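For reference, the chains in residue letters:
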Amino acid sequence: MNATNRSVCRAFILALLALGLLTPPLRAAESPHAIKGSLIIHGGGNMPDSVIKEFIKLAGAGEGKLVIIPTASVTTEEVESEKYAKAWQERGFKDVTVLHTVSRDKANQKDFAAPLTKATAVWFVGGLQSRLEAAYGGTLVEKELHNVLERGGVIGGTSAGAAIMSRTMIRKNNPEPEMGTGFGLIPGAIIDQHFAQRERKPRLLKALKDHPGVAGYGIDEGTALVLRGRFMRVFGEGNVTIILGASKTRPVREIVLKEGGYADLMAMHRAAIARSGDTFPPTEFPAPRAVGKGTLVIVGGGGTPPDALKIFMEEAGGPDAPIVIISNALGDNVPAERVGEVRMLERVGAKNIKVIHARSPEEAGTEAILKPIREAKGIWFTGGRQWRFVDAYEGTPAVKAMHEVLEKGAVIGGSSAGATIQGEYLVRGDPLGNTNMMAEGYERGFGFITGVAIDQHFAQRKRFKDMEDVKRTFPQLLGFGIDEGTAAIVKGYDLRVVGKGSVHIYDRPLPDDANDSNDEPFTKVAPGEKYDLKSKKKVE
């Protein structure tokens with residue numbers, strides 16, 4: 001095939017790719033998830049030693065099996081393999097294969113893709129990402145690249161080799177980008193490179209506006225974003241700029257990370273999806289109340305009050321009632337030993353307890369999880385980190401089933417993280433730490449009580465100002481600050497307090513400046529006292 005025919009063929013292939021005819025169909029909305037391996041996404045220019053060392057370490061050092069793909073910088077079928085292999089061999093790799101073709105037919109052949117089946121590492125050379133797209137998009141090579149990550153391997157690339165990693169891909173042009181289809185190695189993202197040096201912010205903003213539901217990552221030259229699982233860290237001399245597109249109520253948000261800075265992939269993806277959907281929290285809520293005929297036992301951490309456990313067991317129906325404990329807040333994996341909440345409930349007579357721990361939204365929709373929830377008369381959420389509940393269950397049939405049993409009169413309880421998840425607005429949901437009260441992407445609780453944000457360990461950890469910040473930002477919410485060793489018992493619009501501390505209910509507008517008023521911005525409800533959620537007043 002001569003050069004002219006090759007150019008015509010390439011243009012035809014790119015047209016088909018633009019129409020989505022040569023790539024696997026995408027899900028309507030890709031769910032946020034971590035990757036199993038690692039990505040090193042370099043913004044072009046000179047590569048710092050720290051980035052090279054990190055790639056070598058993740059690849060398995062000298063024993064790693066490296067595949068180099070130089071296609072972005074090559075226009076013909078022939079390639080100078082030694083030129084590309086030498087630099088990495090000098091860095092200590094003993095097993096190096098150069099993989100290149102401009103033929104999609106060849107890219108679909110098992111023999112050609114075979115080196116990827118054994119690779120621990122892959123490196124994409126820079127050039128034009130459209131060449132990678134035309135040669136490998138939707139082929140066996142792309143499939144095997146995903147398998148490298150599934151095995152825990154590392155894939156790195158610079159410039160075009162960075163851009164190709166996202167499914168929604170910028171091919172060229174600025175400020176009106178021409179879009180293409182990348183390999184989808186990093187979920188929920190659009191990658192741009194040479195970011196500050198070539199002033200590419202306008203095109204990334206336009207790409208995000210036209211493709212809501214994904215986050216943008218602008219990577220400077222001499223800089224890399226290293227993704228391991230879900231956590232991302234910056235290496236090198238420049239910045240990584242994470243951009244969330246504007247929503248109806250929120251402006252464009254930019255997060256600039258320097259060397260050593262870090263972010264959470266799933267939080268960024270979830271935040272982008274949230275911005276593309278309905279406004280949350282809504283500007284108005286009906287009067288807060290517990291869902292249906294059920295009862296909520298909301299404990300502020302520390303020891304659960306005996307009276308709260310007694311109420312939980314009574315509302316569940318006694319010792320023989322089926323009780324489910326949801327343990328996800330404790331960690332990613334199913335606890336190896338009996339969780340403390342099992343022993344706690346057994347001490348007050350519970351005989352029929354089952355612990356469930358879905359490890360993904362997909363598992364949360366299986367009968368192994370749904371059946372015990374549907375049969376439960378009592379559900380208890382453990383303490384830990386509330387974002388783990390969100391990752392596993394939000395938007396799944398499991399949460400719907402929880403609402404259904406609550407509608408029928410079941411009881412739902414929980415302490416600390418297991419208290420916060422019961423509210424409609426989730427505070428302290430940031431996977432990177434629990435000091436951020438309003439973490440985009442992790443703002444939706446399970447809504448067992450509507451229109452409420454719940455914080456715990458309240459007076460003991462001096463969290464008053466934190467709740468004030470939430471109330472100023474979202475005055476339509478009702479805030480609960482629950483002390484340790486204290487429980488709010490909620491049924492319908494009725495709230496009463498048991499235990500040794502208080503529930504601080506932020507039920508009034510706050511001045512813009514905390515120094516503008518000497519009045520406490522909350523109603524303090526002590527043990528034995530009651531509060532009417534509908535009138536937002538204590539019941540004398």
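Given the structure is predicted, the values throughout are model-derived calculations rather than measurements. (Residues numbered from 1 in each chain as written. Predicted model: local features only at pLDDT ≥ 70, side-chain atom pairs only at ≥ 80, totals over all residues. Heavy atoms only, no water.)

K.L.:
I'd like a rundown of the nonpolar core, residues and numbers included.
P.N.:
Counting 104 residues, the largest nonpolar core has Y393 and M402 as its most contacted members. With residues near it in sequence (within four places) discarded, M402 still touches I326, I373, I379, F381, Y393, I412, F446 and F448. I40, L58, V125 and A224 belong to the second-largest nonpolar core, a separate cluster that totals 23 residues. (Core = buried A, V, L, I, M, F, W, Y, C linked by side-chain atoms within 4.5 Å. Buried < 20%, exposed > 50% of the residue type's maximum accessible area, 1.4 Å probe, protein only. Contact = heavy atoms within 4.5 Å.)

K.L.:
Outline the confidence of the model for the protein chain, supporting the account with residue identities and numerical values.
P.N.:
When pLDDT is averaged across the protein chain, the result is 93; 94% of the residues are at 70 or more. Residue range residues 12-28 is modelled with pLDDT below 50. Its contacts to residues more than four positions away, or to other chains, number 26 contacts. (pLDDT = per-residue confidence, 0-100.)

K.L.:
I'd like a description of the packing of aromatic side chains, backed by residues and values.
P.N.:
This model, assessed by the stated rule, comprises 17 aromatic pairs. Pairing Y425 with F474 gives two aromatic rings, centres 5.2 Å apart and planes at 50°, and the pair type is tilted. With a gap of 49 residues between them, Y425 in strand β20 (residues 423-425) and F474 in the loop between α18 (464-473) and β22 (478-482) connect regions that are remote in the sequence. Per residue, the accessibility class of Y425 equals that of F474, and both read buried. Feature note: the residues F55, W88, F93 and W123 constitute an aromatic cluster, connected by ring pairs. A cation sits over an aromatic face here: R270 above Y442, 4.8 Å from the ring centre. (Phe/Tyr/Trp six-rings, centres within 6.5 Å; stacked < 30°, edge-to-face > 60°. Helix = DSSP H or I, 4+ residues; strand = E, 2+ residues; numbered from the N terminus. Lys NZ or Arg CZ within 6 Å of the ring centre and 35° of its normal.)

K.L.:
Now, about the pattern of salt bridges: what can you tell me, with residues and values included?
P.N.:
Per the counting criterion, the structure on display carries 33 salt bridges. Salt-bridge contacts for E178 lead to R171; the nearest nitrogen and oxygen are separated by 3.1 Å. Notably, a salt bridge pairs D264 with R230, separated by 2.7 Å at the nearest N-O pair. Of the two residues, D264 is situated in strand β14 (residues 262-264) and R230 in the loop between β10 (223-228) and β11 (231-236); the sequence distance between them amounts to 34 residues. What makes D264 buried here is its relative accessible area of 2%. Through salt bridges with shared partners, a single ionic network connects R250, R253, R275, E440 and E443. (Salt bridge = Lys/Arg side-chain N within 4 Å of Asp/Glu carboxyl O.)

K.L.:
Outline the packing of helix α5 (residues 110-118) against helix α7 (residues 140-150), listing residues and values.
P.N.:
The relative placement of two packed helices is expressed as an angle between their axes plus a distance between the axes. Interhelical geometry of α5 versus α7 gives an angle of 15° and a closest axis separation of 9 Å. Considering their axes alone, α5 and α7 lie roughly parallel with respect to each other. Between α5 and α7 the crossing geometry is right-handed. Contact residues: α5 offers K110, F112, A113, L116 and T117, while α7 offers L140, V141, E144, L145 and V148. Broken down by class, the residue content of the contact of α5 with α7 amounts to seven nonpolar, one polar and two charged. (Axes fitted to C-alpha atoms, helices over the stretch in contact; angles between N-to-C directions. Parallel < 35°, antiparallel > 145°, perpendicular 65-115°, else oblique. Left-handed = near helix turned anticlockwise from the far one by under 90°. Nonpolar A, V, L, I, M, F, W, Y, C, P; charged D, E, K, R; others polar.)

K.L.:
How would you explain unusual backbone geometry if you had to name every residue and give the values?
P.N.:
Across the junction of N174 and P175, the peptide omega takes the value 10°, indicating a cis bond. Tracing the sequence through the fold places P175 in the loop between β6 (168-172) and β7 (178-181). P281 follows F280 through a cis peptide bond whose omega is -5°. Within the fold, P281 resides in the loop between α10 (265-276) and β15 (295-299). Positioned with a positive phi, S159 is a non-glycine residue whose angle comes to about 55°. Looking at the secondary structure, you find S159 in the loop between β5 (154-158) and α8 (160-163). Looking at S159, the relative accessible area reads 12%, which means it is buried.

K.L.:
Outline the pairing of strand β18 (residues 378-381), supporting the account with residue identities and numerical values.
P.N.:
Burial along β18 is two-sided: G378 and W380 facing one way and I379 and F381 facing the other are all buried. Note: strand β16 (residues 323-326) against β18, four bridges, orientation parallel. Within β18, the residue paired with I325 across the bridge is W380. (Pairing = 2+ DSSP bridges.)

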